[in-house]
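Residues per chain are reported as follows:
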Amino acid sequence: MTTVKALDYTVTDLIEGAEYTFRIMAVNASGRSDPRESRPAVIKEQTSAPSFDLRGVYQKTVIAKAGDRVKVEIPVLGKPRPVVTWKKGDIVLKETQRINIETTLTSTILNIGEIKRTDGGQYSMTGKNMLGTLTETITVLVHDIPGPPTGPIKLEEVSCDYVLMSWEAPENDGGVPINNYIVEMRETTGTSWVELAATVIRTTFKAARLSTGTSYQFRVRAQNRYGIGPCIVSEAVVAAYPFDVPGQPGIPTVTSFNKDSMTLSWNEPSSDGGSAILGYHVDRKEKNSILWQRVSKNLVVGNIFKSTGLVDGIAYEHRVIAENMAGLSKPSKPSETMYALDPVDAPGKPVALNITRHEVTVSWTRPEGDGGFSITGYTVERRELPNGRWLKANFNNILETIYTVSGLIEDATYEFRVLARNSAGSVSAPSQPSEAITCRDDIEEPRLDIDASYSSNVVVMAGEIFKLEANVTGRPIPSLVWTKEGKELEDTAKLEIKTSDFHTTLINKDSLRRDGGAFTLTASNPGGFAKFTFNVKVLDRPGPPDSLTVTDIAAEKCVLNWLHPTHDGGAKIEYFIIQRRETSRLAWTNVATDLQANRFKVTKLLKGNEYIFRVMAVNKYGVGEPVESEPVICANPYVVSDAPTQPEVTTITKDSMVVCWERPEHDGGSRINTYVIERRDKTGLRWVKCNKRTVTDLRFKVSGLTPGHEYEFRVLAENNAGLSQPSPSSPFYKAIDTIFQPGPPGNPRVLDTTKSSITLAWNKPVYDGGSEITGYIVETCLPEEDEWTIHTPKKGWTATSFTITNLKENQEYKINICATNCEGVGEPAAVPGTPKAEDRLLAPEIELGAELRKVVCIRACSTLRLFVPIKGRPAPEVKWSREHGESLDKANIEITPSFTTLQVENVDRFDGGKYMEGKLYSFRVLAENEFGIGLPVETPEPIKVSEKPLPPGKVSLREVTGTSVTLFWEKPDHDGGSRITGYIVEMQGKGSEKWTQVMVVKTNEAVVTGLTQGEEYMFRISSVNEKGVSDPRPLSMPVVAKDLVISPTFKLLFSTFSGLAGDDLKIDIPYAACPRANVTWLKDGVALKETTRVNAEATDKNLLLVIKEACRDDVGTYTIKLNNTVGEASTDISSNRAPRKSQL
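Residues numbered from 1 in each chain as written. Predicted model: local features only at pLDDT ≥ 70, side-chain atom pairs only at ≥ 80, totals over all residues. Heavy atoms only, no water.

**A few points about the overall build of the protein chain**
The cut-off we apply is this: Think of it this way: any DSSP run of H or I at least four residues long counts as a helix, any run of E at least two long counts as a strand, and we number them from the N terminus. Values of the radius of gyration come from C-alpha atoms, whereas the globule rule sets the reference at 2.2 Å times the count of residues to the power 0.38. Buried residues are those whose accessible area, probed at 1.4 Å on protein chains only, stays under 20% of the maximum for their type, while exposed residues exceed 50% and partly exposed ones sit between those limits.
Per the secondary structure count, the protein chain includes one helix and 99 strands. Taken over the C-alpha trace, the protein chain has a radius of gyration of 66 Å; the compact-globule value for 1144 residues is 32 Å, which it surpasses by more than 25%. Along the first, second and third principal axes, the C-alpha atoms of the protein chain reach 220 × 145 × 65 Å. Across the 1144 residues that make up the protein chain, the buried fraction comes to 38%.

Written out as structure tokens, the structure is:
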């Protein structure tokens, strides 16, 4: 038994192999406890596998502060005693003076002096004995101040007064969480750091209140519970805007130019510096200058600028500078040098002249504008269709406007275009591409391309050179031949002909008058031929006059006649010179030196002498060649003429007669110069000459006769030999007015029809035959027959309307109407169509007069009479009633087919209705009680009973132009009992819902102006009286503001005009046309020539032809043609001569 104070005890000196039982009792001051026995145990040597007692290491983790000494003791269990080895990670722990391992009988100890952060990690211990191996791992954590934050410091946003920065947490946080960060700042010009914040939790910080333009550095340190770690430092940063100036703009290019200005464009900078481009500045300098001048007065928005104020012919360069909020960029590179010149226009569209399998010959026209410098060459480009690129086709400069492109592919399709270049180096834009051209050998008919200047005469001065040229196309290449007057021309020293494949030129040197004329160029190949005629006029002295003849030769005179020279020298013939000489002499004597006519009467000749005459034409270039006549002997070749035929009198009035005759059978060898007309009164003996002036016509109006007297007439002819014998005398004619039958009635028409009658109307004839119309005859005929039946009384019908009765129902008739006068029945006028005898059905219609449309006002005890016309077929049934169904017993009603009347005698107030509108009334009130009626009280002023008026009547459109509209409307059916004071005109444009008041007028017509051409408008009219404005009355349709156009039309009432011979004939034709038409009169297909006797006039609505003293020559068909910008129209009218008295 042993007493111990510990809780364990080692019993020794036991016998190996014996079995023992042990018990233990607890002892205190009061005594022993009951014993606790162990299980029986056999004493023998024990073995156990290695194990480590890690209960003394919490969670197998050892925590130490950097710099401290660490001792980790771990009990080792196992029999036999295990051998223990240590590793750090996977590497055997190497012992040093600072780190070593101690081993005792019961434990293994790890000693680390002045522990470092690098000493932390996983340490493993391995125990090994004969029973096995065991490895345990513990973790050593070394806590320290944190490492530097992970950099670099990012400057997220830089402005003029703040910097926003960020960083990452330290990779080494010291083994414990980071509590906060400390941010410091210094100016790069100093060395002292200023703490900005010491409690920054996040990894971002905004340094504010910085000085603009100052350079700063920032540093950041992390802090944990062990202290503050090392810092990281940012790059230097300037407190400024967070963007830079823009990059360089693109090189400016000149998109268009002329001698005064250039238009530039450029690309934006590749970088805007982080701020939007505000605009650009444009600088300019001359080519040889080093001084740039700013030409943009304001900031240029966009990338296009027009540089103006240039000097013609000077070369300029331009550059562009971009600007943003940070400032100006570097200038762009200068543009290409460009001269201030007018641009060269593009050449004309290329045209293929000849096409083969591998070549195409194209030609083009020169540019219209050469930019002020001569064209020095052309460049031809080709492109293979459909997707080929434009390639240069010529390798040498092209001076002409024609070029043959070779090296092409057979059956390939090409386009060609041309660029022009002038001596200033300016290159035009490409011409329009040619038509698609396929390379193959085809036959094409020749075509001549002639300059438009050759379409008229080619005029050249004598002695100068004229040049004719043409281009030709065709396949194969056409042959070219020049001809004149049917003869082929050859190349001579004077006439030079140059011909190439597609061009020919004819040059005439030292031009003479005879070199002018028509030159014909013919191009031909197997495909056909083409011709063109050049008309050349050489300005020179005129050639000799043509056809000089000597006529009317007499003893002392003769007449020379000639024609203008065939060659007038290219200028107007100003006058002629006439000379003569006797055949016995050589000297020429001037007869006339300034003669304008082609005929001259030569006088003062010597009878019997022989003369030669010559005539020379004179133009502004001088006196032309003369033409000489054959010798002539002066002798009279004629005698007096025969007497004229017996005269006839065609038109007789009470004081005049028209005398007509025929020419003498023989004129005696000399033309008749005049006629002498003589008359003799039947009661007298002496012949009196009637004409004082020359008479060359075969008719003459003798006036100044005594009414009722009888006259006879004779005529004498006078030629150069004198007066002939008088003609036989005419019969005696009495001077009285002649009367003829009247013309046809005008505008015959049907007014009404029934099953047994037809009612007609017509107008009086335009021509009454010189006598009053005494009546009319109306006759009918069945359409299929020719037998006419007269329906008017035998004595005639004097009215201009007539009802034909006793007709067959539903039968059609032809109807004629004739006028009669004292001379008989005139020409009939047919009623249009074939009217049918049938009843016309007419809907009932009541025609209320204006007085019945208002309230009828009558006095009590008087008689009410209402008369109402009615229409309708068959006769309508008429019924009278009152507004509220009151009785009409007092009324006397009469009804007929054409009207109805209502009469009420002795009317009282119960026969009336409402108050009468528009009347003034006074009212008074009287009080009544059991003692009687009191004094009345009256209204101070009369009261007018009225209301707003009704809307205006139908609104019509009177006239429309491009800027105005004329409106017309009817008055309201009822004025509301008060006078209409005006009308309101309103307008509404198309697409608008708003009505606009245009004007207020007092009449029922308005002209609305200020409209827009082509716009559509609506109009409406409202009536106004003292009670207000009526409802509006709109125009029935929209109106488009445009000028009225009317195609020419005739409004003929009849197409035949008659007149008495010798009287004035007036033809008046109504027409319509807008704009006003041009008028052309023709007679029998020939343009009508106006004279003092024939005169045509035109107004806006009528055409008037006046023929004074009409004769048989004026009879015929006249054609009138009208034309304006809208169209044209024509019509034919006939003119008839009234019969002579001998025919009556």
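**Regarding the pattern of salt bridges**
Defined as follows: Criterion for a salt bridge: a side-chain nitrogen of Lys or Arg within 4 Å of a carboxyl oxygen of Asp or Glu.
Across all of its chains, the model carries 23 salt bridges by this definition. We note a salt bridge from Asp411 to Arg440, for which the minimum N-O separation is 3.6 Å. Here Arg440 lies in the loop between strand 38 (437-438) and strand 39 (444-449) and Asp411 lies in the loop between strand 36 (402-405) and strand 37 (413-422), a separation of 29 residues in the sequence. By relative accessible area, Asp411 is classed as partly exposed at 48%. Given a relative accessible area of 35%, Arg440 falls into the partly exposed group. For Asp1114, the salt bridge goes to Arg1093, with nearest N and O atoms at 2.9 Å. Of this pair, Asp1114 sits in the loop between strand 97 (1102-1107) and strand 98 (1116-1123) while Arg1093 is found in the loop between strand 95 (1086-1087) and strand 96 (1094-1098), placing the two residues 21 residues apart along the sequence. Among the residues examined, Arg1093 registers a relative accessible area of 28% and is labelled partly exposed. Each of Glu184, Arg219 and Arg221 takes part in salt bridges that share partners, so that together they form one network.

**Things to note about the sheet that holds strand 14 (residues 121-129)**
Two modes of strand pairing occur in sheets, parallel and antiparallel, and in both the strands are linked by backbone hydrogen bonds. Condition: Pairing between strands is defined by DSSP: at least two bridges between the two strands are required.
Strand order in this open sheet of five strands is 8-15-14-10-11, and the pairing throughout is mixed. The open sheet has two free edges, formed respectively by strand 8 (61-65) and strand 11 (91-92), since each of these has just one partner strand. The pairing of strand 10 (residues 83-88) with strand 11 spans two bridges and is antiparallel. When the sheet's bridge partners are listed, Lys88 is paired in strand 11 with Ile91.

**Observations regarding the side chain of Arg417**
Applied cut-off: Side-chain atoms alone can form a polar contact between residues adjacent in sequence; in general such a contact is a pair of N or O atoms within 3.5 Å, and within protein one must be able to donate a hydrogen while the other accepts it. Between two residues, a contact is recorded if the distance between any of their heavy atoms is within 4.5 Å.
Considering the arrangement of structural elements, one finds Arg417 in strand 37. A polar atom in the side chain of Arg417 sits 2.7 Å from the side chain of Glu381. Sequence-distant contacts of Arg417, that is, excluding residues within four places in its chain, are made with Pro350, Thr379, Val380, Glu381, Trp390, Pro430, Ser431 and Pro433.

**Some thoughts on the UniProt feature "domain: Fibronectin type-III" (unreviewed entry) in the protein chain**
Rules: UniProt positions are given in the numbering used here, feature names are shortened, and annotations may be inferred rather than shown by experiment.
Under the UniProt annotation, the feature "domain: Fibronectin type-III" (unreviewed entry) is placed at residues 1-46, 148-243, 248-343, 346-441, 544-637, 643-738, 744-840 and 951-1044. Secondary structure over residues 951-1044 splits into 0% helix and 48% strand, and the C-alpha atoms at its two ends are 29 Å apart.

**Looking at the packing of aromatic side chains**
Basically, it comes down to this: Between the rings of Phe, Tyr and Trp (Trp by its six-membered ring), a pair exists once the centres lie within 6.5 Å; its type follows the angle of the planes, with under 30 degrees stacked, over 60 edge-to-face, and the other angles tilted. As a reminder, the over-ring test applies to NZ of lysine and CZ of arginine, requiring each to be within 6 Å of the ring centre and within 35 degrees of the ring normal.
Applying the stated criterion to the full structure yields 17 aromatic pairs. Residues Tyr611 and Phe613 carry aromatic rings whose centres are separated by 6.2 Å and whose planes lie at 25° to one another, so their mutual orientation is stacked. Exposure class is identical for Tyr611 and Phe613. Each is buried. Grouping aromatic residues by their ring pairs yields a cluster made of Tyr454, Trp482, Phe532 and Phe534. When the ring centre of Trp390 is taken as reference, the NZ or CZ atom of Arg417 above it lies at 4.3 Å.

**Some details on the environment of Val220**
Summarising the element assignment, Val220 is placed in strand 21 (residues 215-224). Judged by its relative accessible area of 0%, Val220 falls in the buried class. Put simply, Val220 and Gly56 are 164 residues apart on the chain and 41 Å apart in space, counted from C-alpha to C-alpha.

**Here's the deal with the nonpolar core**
Looking at soluble globular proteins, one finds that nonpolar side chains tend to be buried together. Note the threshold: The set of buried Ala, Val, Leu, Ile, Met, Phe, Trp, Tyr and Cys residues whose side-chain atoms join them within 4.5 Å is what this entry labels a nonpolar core.
The biggest cluster of nonpolar side chains holds 22 residues, and the ones touching the most others in it are Val72, Ile74, Trp86, Leu110, Tyr123 and Ile138. Listed by contribution, the elements that provide at least two residues to this core are strand 8, strand 9 (70-79), strand 10, strand 12 (99-103), strand 13 (107-112), strand 14 and strand 15 (132-143). When residues of this core are assigned to their parent elements, the largest contribution, four residues, is made by strand 9.

**Let's talk about the pairing of strand 13**
Successive residues of a regular strand alternate their side chains across the two faces of the sheet. Buried residues dominate strand 13, accounting for six of its six residues. Going residue by residue along strand 13, you find Ser107, Ile109 and Asn111 tucked away on one face and Thr108, Leu110 and Ile112 tucked away on the opposite face as well. In this sheet, strand 13 lies alongside strand 9 in antiparallel orientation, the contact comprising six bridges. Bridge pairing in strand 13 links Val72 to Leu110. Pairing analysis gives five bridges linking strand 12 to strand 13, with the strands arranged antiparallel. Across the sheet, Ile99 pairs through a bridge with Ile112, a residue of strand 13. Connecting strand 12 to the next strand, strand 13, in antiparallel fashion are three residues.

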